[in-house]
Amino acid sequence: HGWTFNGKTGECLSIPQVPTRAPKAQDRANAVAVPAQIVQGMVWIFPGGGLEKSLVAAPPPCVPEIDMDGYRVTGKLIRDFPI
């Protein structure tokens, strides 16, 4: 909810709910940055191997119907595919 991260390093830059005089809380909030891309409105992450391997990896699967005229997604969907 408003947390700000460096997209390359995963370093937590800001937590609005934590006073600036409490830097240790931000140190514990760092994340691991992983390559990601958006395909057909879905976010795909590549957690293994770094950017170089992700650039030569096979692309995520596509659902042809999503690109057809008249196709629409109703409601909010969450998809979790096994790795």
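Above this text you will find the structure in question.
The present account deals with the structure reproduced in this document. The shown structure was predicted, so the numbers you read here are calculated from the model rather than taken from an experiment.

### Focus: the overall build of the chain
- Scanning the chain from N- to C-terminus turns up two helices and four strands.
- Ordered by position from N to C terminus, the α and β elements of the chain give β-β-α-β-β-α.
- Burial analysis of the chain (83 residues in total) assigns 16% to the buried set.
- Considering only contacts within the chain whose residues lie at least 6 apart along the sequence, 18% involve residues at least 24 apart.
- As displayed, the chain offers around 7200 Å² of accessible surface, 59% of which is attributable to carbon and sulfur atoms.

### Some words on the packing of aromatic side chains
- Using the criterion set out here, one finds one aromatic pair in the structure.
- Geometrically, the ring pair formed by tryptophan 3 and phenylalanine 5 is tilted, given 6.2 Å between the ring centres and 35° between the ring planes.

### What about the environment of aspartate 67?
- With respect to the helices, strands and loops of the structure, aspartate 67 is situated in the segment after α2 (50-56).
- Judged by its relative accessible area of 56%, aspartate 67 falls in the exposed class.
- Aspartate 67 sits 27 residues away from glutamine 40 along the chain, and the two C-alpha atoms are 7.8 Å apart.

### Digging into a nonpolar patch on the surface
- Side chains of Val32, Val34, Ile38, Val43 and Ile45 sit close together on the surface and give an oily, nonpolar patch of about 520 Å² of accessible area.
- Following the sequence through the fold, isoleucine 45 ends up in strand β4 (residues 42-45).

### Here we look at the pairing of strand β3 (residues 36-39)
- Of the pairings in the sheet, the one linking β3 to β4 comprises four bridges and is antiparallel in character. When the sheet's bridge partners are listed, alanine 36 is paired in β4 with isoleucine 45.
- Hairpin remark: β3 followed by β4, antiparallel, with two residues in the connecting loop; positive phi at glutamine 40, about 55°.

Procedures and definitions
- Residues numbered from 1 in each chain as written.
- Predicted model: local features only at pLDDT ≥ 70, side-chain atom pairs only at ≥ 80, totals over all residues.
- Heavy atoms only, no water.
- Helix = DSSP H or I, 4+ residues; strand = E, 2+ residues; numbered from the N terminus.
- Buried < 20%, exposed > 50% of the residue type's maximum accessible area, 1.4 Å probe, protein only.
- Contact = heavy atoms within 4.5 Å.
- Areas by Shrake-Rupley, 256 points an atom, 1.4 Å probe, with all protein chains shown as cover.
- Phe/Tyr/Trp six-rings, centres within 6.5 Å; stacked < 30°, edge-to-face > 60°.
- Patch = residues over 30% accessible without salt bridge, like charges linked within 9 Å, V, L, I, M, F, W, Y side chains within 5 Å.
- Salt bridge = Lys/Arg side-chain N within 4 Å of Asp/Glu carboxyl O.
- Pairing = 2+ DSSP bridges.

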